[in-house]
Amino acid sequence: MSYETIIDAKGRKIEVQEVVGSALARLTRLAGASFGENAWTTGTLARATVRSVGGVPTPAEARSIKELDGLWDIVDPDAADAALKWLIAKQEAVATEAKNSSAPQDSSSAAGS
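This structure is a prediction, so every number in the text was calculated from the model and none was measured.

**Q** Quick rundown of the pattern of salt bridges? Include the residues and the values.
**A** What the rule picks out here adds up to seven salt bridges. Here R12 ties to D8 by a salt bridge, and the two come within 2.5 Å at their closest N and O atoms. Residue D78 is joined to K10 by a salt bridge in which the shortest nitrogen-to-oxygen separation is 3.6 Å. Remark: K10 occurs in the loop between β1 (4-7) and β2 (13-16) and D78 occurs in helix α4 (residues 77-102); sequence separation between them is 68 residues. Under the relative-accessibility criterion, D78 is labelled partly exposed at 27%. Look at K10 and you get exposed, because its relative accessible area is 54%.

Following this line, the structure appears as C-alpha cells:
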C-alpha cells in the first residue's frame, strides 16, 4: 500500500498510510483495554498512519505499547491533526461509496408493469 502526502498546519509535508488488516488487528491487540479510551485511541491511530513528518521518517510499525506511546513523542499534534483529518476523509469516502453502491438502481420500467 502506498503512502499519501498531506500538509499540516505548519505547512510540512506529512506522509501517511492507512493502518489496515493485520497491522490494525495487531495495533488493537497491543493497545488492549486502553483501546477503548477515545483520546488515546484516536491520537494513537492518527499517529500510526504517519510515515514521515517534513521528510523525517517515522517508525514503520509499532510492535509494543512502548513504541505506540513513543509515536506521541515523534509525531507532534499538528502532524497528528492533519493525519486524523485525512483518516476521517478516507473513512467518509468509503462510507459514501458503500452507500452509493448499495442504493437501489432507478429503473424506467418496473417489473410487472
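**Q** Report on the environment of D76, specifying residues and quantitative values.
**A** The topology assignment puts D76 in the loop between α3 (65-74) and α4. If near-sequence neighbours (up to four positions away) are discounted, D76 is found in contact with K10, R12 and R47. Within the structure, the side chain of D76 is placed 2.9 Å from the backbone nitrogen of A79, a separation counted as a polar contact.

**Q** Quick one: what's the story with the side chain of T58, residue by residue and with numbers?
**A** Note on placement: T58 falls in the loop between β4 (56-57) and α3. Polar contacts involving the side chain of T58 include one to the main-chain carbonyl oxygen of V50, which spans 2.6 Å.

**Q** Break down the packing of helix α2 (residues 38-49) against α4 for me, with residues and values.
**A** Two elements in contact, α2 and α4, have axes separated by 8 Å at closest approach and are oriented at 90 degrees. Considering the angle they form, α2 stands roughly perpendicular to α4. Together, T42, L45, A46, R47 and T49 of α2 and P77, A80, A83, L84, W86 and L87 of α4 make up the contact between the two elements. Class assignment of the residues belonging to the contact of α2 with α4 gives a composition of eight nonpolar, two polar and one charged.

Cut-offs and rules
- Residues numbered from 1 in each chain as written.
- Predicted model: local features only at pLDDT ≥ 70, side-chain atom pairs only at ≥ 80, totals over all residues.
- Heavy atoms only, no water.
- Salt bridge = Lys/Arg side-chain N within 4 Å of Asp/Glu carboxyl O.
- Helix = DSSP H or I, 4+ residues; strand = E, 2+ residues; numbered from the N terminus.
- Buried < 20%, exposed > 50% of the residue type's maximum accessible area, 1.4 Å probe, protein only.
- Contact = heavy atoms within 4.5 Å.
- Polar contact = N/O pair within 3.5 Å; in protein donor to acceptor, adjacent residues only side chain to side chain.
- Axes fitted to C-alpha atoms, helices over the stretch in contact; angles between N-to-C directions.
- Parallel < 35°, antiparallel > 145°, perpendicular 65-115°, else oblique.
- Nonpolar A, V, L, I, M, F, W, Y, C, P; charged D, E, K, R; others polar.

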